[in-house]
Amino acid sequence: MYEFAVTPAVTQLRRPGVIITEVAAGSVAEELELRPNDRIVRVNGRPVRDYLDFRFQTAGETELSFQVKKTNGETHEIEFDREEGEDLGLMFEQIVPRQCANECIFCFCKGNPSDARPSLFVRDEDIRLSFLYGNYTTLTSITEDEMRRIVEQRLSPQYVSVHATDLKTRAYLLGVDEKRADISEKLARLLDHDIEIHAQVVLCPGINDGAILEKTLRDLASHYPKIVSTAVVPVALTRYNNDERLTPVTAEFCRHTIYEVERLQKEFRRTVGSTFAFLGDEIYIKGGLDIPSRRHYGNYPQIEDGVGMVRSFLNSFERALNSGSGQDLKNTRIHMDAMQPRSQTAPANGHPPTTHGTILTGEMFAPTLSERISRYNRLRGTDLHVLAVPNTYFGGDVAVAGLITGQDYLNVKDRIVGNFAVIPKHTIKSDEPILLDGMSFDQLKSQFPVPIYDMDVNGLMEFLSRH
Ligand code: SF4
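Residues numbered from 1 in each chain as written. Predicted model: local features only at pLDDT ≥ 70, side-chain atom pairs only at ≥ 80, totals over all residues. Heavy atoms only, no water.

## Some points on unusual backbone geometry
- A cis amide bond links S156 with the next residue in sequence, P157, at an omega value of 5 degrees.
- Take P157: it is sitting in the loop between α4 (144-152) and β7 (158-161).
- Cis geometry marks the peptide bond from Y224 to P225, where omega comes out at 10 degrees.
- Mapping P225 onto the fold places it in the loop between α8 (210-221) and β9 (227-234).
- One non-glycine residue, E33, lies in positive phi territory at about 60 degrees.
- Relative to the helices and strands, E33 resides in the loop between α1 (28-31) and β2 (39-43). (Helix = DSSP H or I, 4+ residues; strand = E, 2+ residues; numbered from the N terminus.)

Printed below as a string of structure tokens:
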């Protein structure tokens, strides 16, 4: 499930150009009298649709001309030179996601409560966000213009939800006709132009598992290394998914899938030199089997899809225990070009001043974390506790940390021990301090018995390594 860092202006008509949100003091842009809310419409005569276009068209250019629409309606033509590599000092509005035209049977939107906030219903299908943030697209409705743009602007890698290479199965899963579901030519064209692809399979028992999965993984691996990796993640059903075509993922199904896919992974390591097909962490945890070793994951190509996150955490944790520094969890998927707008709203966060507190996490990860934290307590003399937070908002088999809501936290507040609580940072929207159910972070803090710190895994590691 993805939630948008932006509140999409789906009802707002898009005007050409990209809107400036900030102009740095003392910058070239300030000298040029560019102001927030000015819209840059053209760069060197070429139209600009968003900040990716802006970056592409200004990259490496020292002689520039901008056509700018000012807020008073005037159009200004600005010509100027800059030093090579000189930053212009501009920040821009975020990209408004393009939405999909599919009807996937497992779509996360169908798993939302009807009163969930609107941004949870954004069905993005946007190759720009795929490049910038690693969001998956299905390529079913990609336009010729977008295809050309990927190639021309080198928007690589792209993250593609394949689900099945068997056309009938893919069409069934996506709820579209076979013609639309067939992306073989589009994929071939991207690969021919050396665009790297990371693929995803959302595994639905009885639909795209077994022989269909094997065919999918073999077909995709035949394009390695251009198709770099494939994540196989289990379908997650909330209590609102009542589509009879979907079957919940059981422990036995997970064990069987591990057994089947391990066979292929061995084969791929032998034939292409990479594990290539990576199973989501949930599959190992639910199946009650060990998470594979560090070597299995290579450079963690799908860590943002919950693939290898636990292994990476465990290894970082060991380092934090042994050397005082365990910080190596990297966000491998967010592209550098995406950093600028996100950083505009990144909240500052401190660390708890004491070592007697509670770390809250999802039910899935809690046993693993709890076992490590107990060991940590014994070695370091700390008194930290892990508290599993049941997900009552989505219900069903949703047990991952990232989908815990404000009310879920409040439901367990009486079980907090110590004088602080840590919650997973990604349960708070990245561009404004609210949780998935719309509760503000301040509201949550005001109802909690102790101060709350929101930390990502690196933050937690840093905290642990300081004691
Ligand atoms: S591609 Fe499918 S899962 Fe993704 S948003 Fe569209 S309908 Fe939902």
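## A look at the nonpolar core
- In terms of nonpolar packing, the biggest core is built from 106 residues, with I40, F54, F66, L90, F106 and L464 touching the most fellow members.
- Aside from chain neighbours lying at most four places away, what touches F106 is H163, L173, V202, C204, V235 and L246.
- In this structure, A401, Y409, I423 and V450 belong to the second largest nonpolar core, which totals 19 residues. (Core = buried A, V, L, I, M, F, W, Y, C linked by side-chain atoms within 4.5 Å. Buried < 20%, exposed > 50% of the residue type's maximum accessible area, 1.4 Å probe, protein only. Contact = heavy atoms within 4.5 Å.)

## Side note on the packing of α8 against helix α9 (residues 251-271)
- Contact geometry of α8 with α9 gives a least axis separation of 11 Å together with a crossing angle of 20 degrees. Compared by their axis directions, α8 and α9 come out roughly parallel. In the crossing of α8 with α9, the sense of the turn from one axis to the other is right-handed. Contacts between α8 and α9 pair L213, E214, L217, R218 and A221 from the former with T257, V261, R263, L264, E267 and F268 from the latter. (Axes fitted to C-alpha atoms, helices over the stretch in contact; angles between N-to-C directions. Parallel < 35°, antiparallel > 145°, perpendicular 65-115°, else oblique. Left-handed = near helix turned anticlockwise from the far one by under 90°.)

## Remarks on the sheet that holds β7
- As summarised here, the arrangement of the 4 strands in space is β7-β8-β9-β10, forming an open sheet in which the pairing is parallel. Unpaired on one side and paired on the other, β7 and β10 (277-279) mark the two borders of the sheet. Pairs of neighbouring strands in the sheet enclose a mean axial angle of 25 degrees, with direction left out of account.
- Where β7 and strand β8 (residues 197-203) come together, 4 bridges link them in parallel fashion. Among the inter-strand pairings, Q158 is bridged to a residue of β8, identified as I197.
- Contacts between α8 and the sheet are confined to β8, β9 and β10, with β9 contributing the most and set at about 160 degrees to the helix. (Pairing = 2+ DSSP bridges.)

## A word on the site of the ligand
- Lining the immediate surroundings of the ligand are C100, N102, C104, C107, F108, R123 and T138.
- When its residues are assigned to classes, the shell around the ligand shows 4 nonpolar, 2 polar and 1 charged. (Near = heavy atom within 4 Å. Nonpolar A, V, L, I, M, F, W, Y, C, P; charged D, E, K, R; others polar.)

## Some words on the sheet that holds strand β14 (residues 452-455)
- Strands sit in the order β12-β11-β13-β14 across an open sheet of 4 strands; the sheet is parallel. At either end of the open sheet lies a strand with only one pairing partner, and these are β12 (383-389) and β14. Across this sheet, the average inter-strand angle for adjacent strands is 25 degrees, counted without regard to direction.
- On the sheet, helix α14 (residues 366-380) packs against β11 (356-362) and β12 and is oriented at approximately 175 degrees with respect to β12.
- Contacts from helix α17 (residues 457-465) reach β11, β12 and β14, with the element oriented near 115 degrees to β14.

## Structural notes on the packing of aromatic side chains
- Applying the stated criterion to the full structure yields 14 aromatic pairs.
- For the pair Y136 and Y159, a centre-to-centre distance of 5.7 Å together with 90 degrees between the ring planes defines the contact as edge-to-face. With Y136 in the loop between α3 (127-133) and α4 and Y159 in strand β7, the pair connects residues that are 23 residues apart, well separated along the chain.
- With a relative accessible area of 4%, Y136 lands in the buried category. (Phe/Tyr/Trp six-rings, centres within 6.5 Å; stacked < 30°, edge-to-face > 60°.)

## Let's talk about the pairing of β12
- Pairing between β11 and β12: 7 bridges, direction parallel. Of the residues in β12, the one forming a bridge with T361 is A388.
- A crossover links β11 with its parallel partner β12, the connecting element being α14, and its sense is right-handed. (Right-handed = clockwise from strand over helix to strand, strands pointing away.)

## Some thoughts on α8
- The first and last C-alpha atoms of α8 sit 17 Å apart over 12 residues, in line with the 16 Å expected at 1.5 Å per residue.
- All of the buried residues in α8 are L213, T216, L217, L220 and A221. Taken end-on, α8 shows its buried residues confined to a sector of 120 degrees, consistent with a single buried face.
- On its buried side, α8 packs onto β8, β9, α9 and β10. (Expected span 1.5 Å × (residues − 1). Arc of directions from axis to C-beta.)

## Let's talk about the confidence of the model for the protein chain
- Of all residues in the protein chain, 90% attain a pLDDT of 70 or more, and the chain-wide mean is 89.
- Below a pLDDT of 50 lies the segment residues 1-12, which in the model reaches 42 contacts outside its immediate sequence neighbourhood of four places, other chains included.
- This model gives residues 325-332 a pLDDT under 50, and the stretch forms 25 contacts once residues within four places in sequence are excluded. (pLDDT = per-residue confidence, 0-100.)

## Side note on the environment of F268
- Note on placement: F268 falls in helix α9.
- On the accessibility criterion, F268 (3% relative accessible area) is buried.
- Spatially, the C-alpha atoms of F268 and R218 are 8.7 Å apart, while their sequence positions differ by 50 residues.
- Among all residues touching F268, those that are not within four sequence positions of it are L217, R218, A221, G273, S274, T275, F276 and A277.

## Some thoughts on empty space enclosed by the protein
- Counted under the stated rule, the structure contains 2 cavities of 30 Å³ or more.
- Approximately 40 Å³ is the volume attributed to the second largest cavity.
- What lines the second largest cavity is R98, E125, D126, I127, T137, L139, I142 and E146.
- Considering only residue class, the lining of the second largest cavity consists of 3 nonpolar, 1 polar and 4 charged. (1 Å grid on protein atoms, 1.4 Å probe; cavity = no way out; pocket = protein on both sides within 12 Å on 5 of 7 lines; lining within 4 Å. Points joined across faces, edges and corners; volume = space filled by probe spheres on them.)

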